[in-house]
Amino acid sequence: MEWFLISPEMLGVLFAFAALAGFIDSIAGGGGLLSIPILLSAGLSPAQALATNKLQEVGGSFSASLYFVRQRAVKLSEQKLPIALTFLGSTFGAWLIQQIHADFLRQILPVLVIGIGLYFLLMPKIGDEDRQKRLSGLPFAFLAGGCIGFYDGFFGPGAGSFYALAFVTLSGFSLPKATAHAKVLNFTSNFGGLLFFILGGQVFWGVGLVMLVGQVLGARLGARMVLNKGKKLIRPMLVIVSACMSVKLIYDNHGSDIAQWMGHLWS
């Protein structure tokens, strides 16, 4: 299937979903919940959908990152080590996912995402303002950059939320500051993962570029709202996105079992 065989109407839908996904991603992460299913519904294979999703996410994360850097919410000179380890981790993860199955990670991911949502819901004062750092230098770069970067290249959903959580809990950043820094690392891991998907020949370029434009527009709007609305917007978005991601991932993993159980319950 070539990209020009997709109807203009479907391209319009893909563009709109990408813009919405970029908006959500720049605030709380989890935009892949929208973009990956719509790519699959357009007729792309799972491998093409994951690879093409990385392409359009690169546009959105770059747009948001550029805005945060220009607004001086992020100093790149202070993030060199986390960026470097994020890139290395994501490229290794993207290579590994093409060699093995990620079934175990798919099973435990809903639990991790639920944990993030509950953390921000039950600890309302976390991220209100900057706090004392718990980790810095190489240990922080390895955990927040290398490990989460590996996860983003290997699988991906919720990586933006994981980055933000790391900056809040380990670096002591406020939520707006953590979100801005998380987006820079998110762009790095998206770019690193994309390189290996390109080498694997899985990127659906026409569709990906159309969605990339939508992502850029949505992400820029979301980035502005992060700096203007701050924690009043980010905290509820993190909780809502985490809940939606958890439900979606549980359904993907156990949907048929749940349907059978419900059938027995009502029979």
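Our structure's up above, just so we're on the same page.
Nothing here was measured: the structure is a model prediction, and the numbers come from that model.

Thresholds, definitions, all that
Residue indices follow the written sequence of each chain, beginning from 1 at its first position. For a predicted model such as this one, the threshold for reporting local features is a pLDDT of at least 70, and the threshold for listing and counting side-chain atom pairs is 80 or more; totals across whole chains, interfaces and linings nevertheless cover every residue. As a rule here, side-chain values cover all heavy atoms of the structure and leave hydrogens and water aside. Helix and strand labels come from DSSP, where a helix needs a run of H or I of at least four residues and a strand needs a run of E of at least two; each type is numbered from the N terminus. Exposure is judged per residue with a 1.4 Å probe applied to protein chains only, and the accessible area is read against the type maximum: over 50% gives exposed, under 20% gives buried, and values in between give partly exposed. Where accessible areas are quoted, they stem from the Shrake-Rupley method and a 1.4 Å probe; at the residue level, only the protein chains shown are allowed to cover. Interaxial angle, 0 to 180 degrees, is taken between N-to-C directions of lines fitted to C-alpha atoms, where a helix line uses only the stretch in contact. Whether a crossing is left-handed or right-handed is set by the direction in which the near helix is turned from the far one by less than a right angle, anticlockwise for left-handed and clockwise for right-handed. Contact between two residues is taken to exist if any of their heavy atoms lie within 4.5 Å; hydrogens are not considered. In the cavity and pocket records, a cavity denotes points on a 1 Å grid over the protein atoms alone where a 1.4 Å probe fits but cannot get out, a pocket denotes an open set with protein on both sides within 12 Å along at least 5 of 7 lines, and lining residues are residues with an atom within 4 Å of a point. Grid points are joined across faces, edges and corners, and a volume is the space filled by probe spheres set on the points. Here, nonpolar core means buried Ala, Val, Leu, Ile, Met, Phe, Trp, Tyr and Cys residues that are tied together by side-chain atoms lying within 4.5 Å of each other. Residues are grouped as follows: Ala, Val, Leu, Ile, Met, Phe, Trp, Tyr, Cys and Pro are nonpolar; Asp, Glu, Lys and Arg are charged; every other residue, Gly included, is polar. Nonpolar side chains (Val, Leu, Ile, Met, Phe, Trp, Tyr) are joined into patches within 5 Å and like charges within 9 Å, using only residues with over 30% relative accessible area and no salt bridge. The working definition used for a salt bridge is a side-chain nitrogen of Lys or Arg within 4 Å of a carboxyl oxygen of Asp or Glu. Here, expected helix span is obtained from the residue count minus one, scaled by 1.5 Å. Put simply, two rings from Phe, Tyr or Trp (the six-membered ring, in Trp's case) pair if the centres are within 6.5 Å, and we call them stacked under 30 degrees between planes, edge-to-face over 60, tilted for the rest. Both a distance and an angle decide whether a charge sits over a ring: NZ of Lys or CZ of Arg must be within 6 Å of the ring centre and within 35 degrees of the ring normal.

J.: Give me the overall build of the protein chain: which residues, what numbers.
T.: The helix and strand tally for the protein chain stands at 10 helices and zero strands. Listed N to C, the secondary structure of the protein chain is α-α-α-α-α-α-α-α-α-α in terms of helices and strands. Burial status across the protein chain gives 51% buried among its 267 residues. Carbon and sulfur atoms provide 68% of the accessible area of the protein chain, an area that totals close to 12900 Å².

J.: Can you tell me about the packing of helix α4 (residues 80-97) against helix α8 (residues 175-199), naming the residues and giving the values?
T.: Closest axis-to-axis distance for the α4/α8 pair is 8 Å, and the angle between their directions is 35 degrees. The two elements α4 and α8 cross, and the hand of that crossing is right-handed. Of α8, the residues touching α4 (which contributes P82, I83, T86, F87, S90, T91, A94, W95 and I97) are V184, L185, T188, S189, F191, G192, G193, L195, F196 and F197.

J.: So what about the layout of surface pockets? Which residues, and what values?
T.: In this structure, the second largest pocket occupies an estimated 260 Å³ of space. Every residue lining the second largest pocket is counted, 19 residues in all, and those nearest its centre are E78, Q79, K133, S171 and F173. Listing elements by their share of the lining of the second largest pocket, those giving two or more residues are α4, α6 (137-154) and α8. In terms of residues, the lining of the second largest pocket owes the most to one element, α4, which gives three residues.

J.: An account of the nonpolar core is needed here, citing residue identities and associated values.
T.: Membership of the largest hydrophobic core comes to 27 residues, with the highest contact counts inside it found for Y163, F167 and V203. Only α3 (46-70), α4, α6, α7 (159-169) and α8 provide two or more residues apiece to this core. Per element, the largest residue contribution to this core is seven residues, and it comes from α7. If near-sequence neighbours (up to four positions away) are discounted, Y163 is found in contact with T86, A144, I148, G149, D152, A182, L185, N186 and S189.

J.: Explain the packing of α3 against α8 to me, using residue names and the numbers behind them.
T.: α8 packs onto α3 with a crossing angle of 150 degrees between their chain directions and a minimal axis gap of 8 Å. The interaxial crossing formed by α3 with α8 has left-handed handedness. Taken together, the residues of α8 that come into contact with α3 (itself represented by A51, K54, L55, E57, V58, S61, F62, A64, S65 and F68) are T179, A180, K183, V184, N186, F187, N190, F191, L194 and F197. Looking at the contact of α3 with α8 residue by residue, the class counts come to 12 nonpolar, five polar and three charged.

J.: Run through a nonpolar patch on the surface, naming residues and quoting values.
T.: A cluster of nonpolar side chains, contributed by F191, L195, I198, W205 and L209, occupies part of the molecular surface with about 430 Å² of accessible area. Listing elements by their share of the nonpolar patch, those giving two or more residues are α8 and α9 (205-229). Counting residues per element, the nonpolar patch draws most heavily on α8, at three residues. As for its placement among the helices and strands, L209 is situated in helix α9.

J.: Give me the lowdown on α4, citing residues and values where you can.
T.: The first and last C-alpha atoms of α4 sit 26 Å apart over 18 residues, in line with the 26 Å expected at 1.5 Å per residue. Taken as a whole, α4 has its buried residues at P82, L85, T86, G89, S90, T91, G93, A94, L96 and I97. Looking at the buried side of α4, the elements it contacts are α6, α7 and α8.

J.: Before we move on, could you go through the packing of aromatic side chains and cite the residues and values that matter?
T.: Aromatic rings in a pair are described by how distant their centres are and how their planes are angled relative to each other. One pass over the structure, following the stated rule, counts nine aromatic pairs. The ring of F173 is capped by K177, whose NZ or CZ atom sits 4.3 Å from the centre of that ring.

J.: So what about empty space enclosed by the protein? Which residues, and what values?
T.: For the structure on display, the rule yields two cavities of 30 Å³ or more. What the second largest cavity holds in volume is close to 40 Å³. Surrounding the second largest cavity, G22, D25, S26, E57, G60, S61, A64, K183, N190, Q215 and A219 form its lining. Contributions of two or more residues to the lining of the second largest cavity are made by α1 (8-28), α3, α8 and α9.

Keep in mind these values describe shape, not function.
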